[in-house]
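Remarks on the overall topology
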Amino acid sequence: MSFKAYVEEILQNEVLSVVRQQGYVLETEICTMISEKYNISLYIVRATLGRIYSEMSLLKRRMSDDLKRFYGLDVKGYPIAYFPNK
């Protein structure tokens, strides 16, 4: 297995698990968690996620104030989130 495939597999498993649980995943949170848990560079994790999210049937969107209220998020700014493409 190549390193690229290894990182992709980790991302697919972790991201889809969180999306199933809460209906979305914040890019900053998931990338930081994977980087720390698996000791992979944050840059590599973000780049890989950016490359494969569409293959995982996810939509990449900025969280608007309405979406943050709907999901009960208390975060500053408009973070990037991934949602299932239904």
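Source: prediction; values computed, not measured.

Describing helix α1 (residues 3-22)
In this model, α1 (20 residues) spans 29 Å end to end at C-alpha, consistent with the 28 Å of a helix rising 1.5 Å per residue. V7, E8, I10, L11, E14, V15, V18 and V19 are the residues of α1 that are buried. Take α1 and look down its axis: the buried residues cluster within an arc of 165 degrees, on one side only. Facing away from the buried surface of α1 by more than 90 degrees, the exposed residues are R20 and Q21. Of the surrounding secondary structure, the elements contacted by the buried residues of α1 are β1 (25-26), α2 (27-38), α3 (42-52), β2 (58-62) and β3 (80-84).

Some remarks on the sheet that holds β3
On the basis of which strands lie adjacent, the open sheet formed by 3 strands has the order β1-β3-β2 and antiparallel pairing. Each of the sheet's edge strands pairs with one partner strand only, and the pair in question is β1 and β2. Relative to β3, β1 runs antiparallel, the two sharing 2 bridges. Residue V25 lies in a different strand from β3, and its bridge partner there is Y82.

Topic: a nonpolar patch on the surface
Taken together, the side chains of M1, F3 and Y6 make up a nonpolar region of the molecular surface, amounting to roughly 370 Å² of accessible area. Looking at where F3 falls in the secondary structure, it is placed in helix α1. Taking the relative accessible area as the measure of exposure, F3 reaches 47% and is therefore partly exposed.

Quick look at unusual backbone geometry
Even without being glycine, N39 reaches a positive phi, approximately 55 degrees. In this fold, N39 is placed in the loop between α2 and α3. Residue S57 is not a glycine yet carries a positive backbone phi of 60 degrees. When you line up the elements, S57 lands in the loop between α3 and β2.

The rules behind these values
- Residues numbered from 1 in each chain as written.
- Predicted model: local features only at pLDDT ≥ 70, side-chain atom pairs only at ≥ 80, totals over all residues.
- Heavy atoms only, no water.
- Helix = DSSP H or I, 4+ residues; strand = E, 2+ residues; numbered from the N terminus.
- Expected span 1.5 Å × (residues − 1).
- Buried < 20%, exposed > 50% of the residue type's maximum accessible area, 1.4 Å probe, protein only.
- Arc of directions from axis to C-beta.
- Contact = heavy atoms within 4.5 Å.
- Pairing = 2+ DSSP bridges.
- Patch = residues over 30% accessible without salt bridge, like charges linked within 9 Å, V, L, I, M, F, W, Y side chains within 5 Å.
- Areas by Shrake-Rupley, 256 points an atom, 1.4 Å probe, with all protein chains shown as cover.
- Salt bridge = Lys/Arg side-chain N within 4 Å of Asp/Glu carboxyl O.

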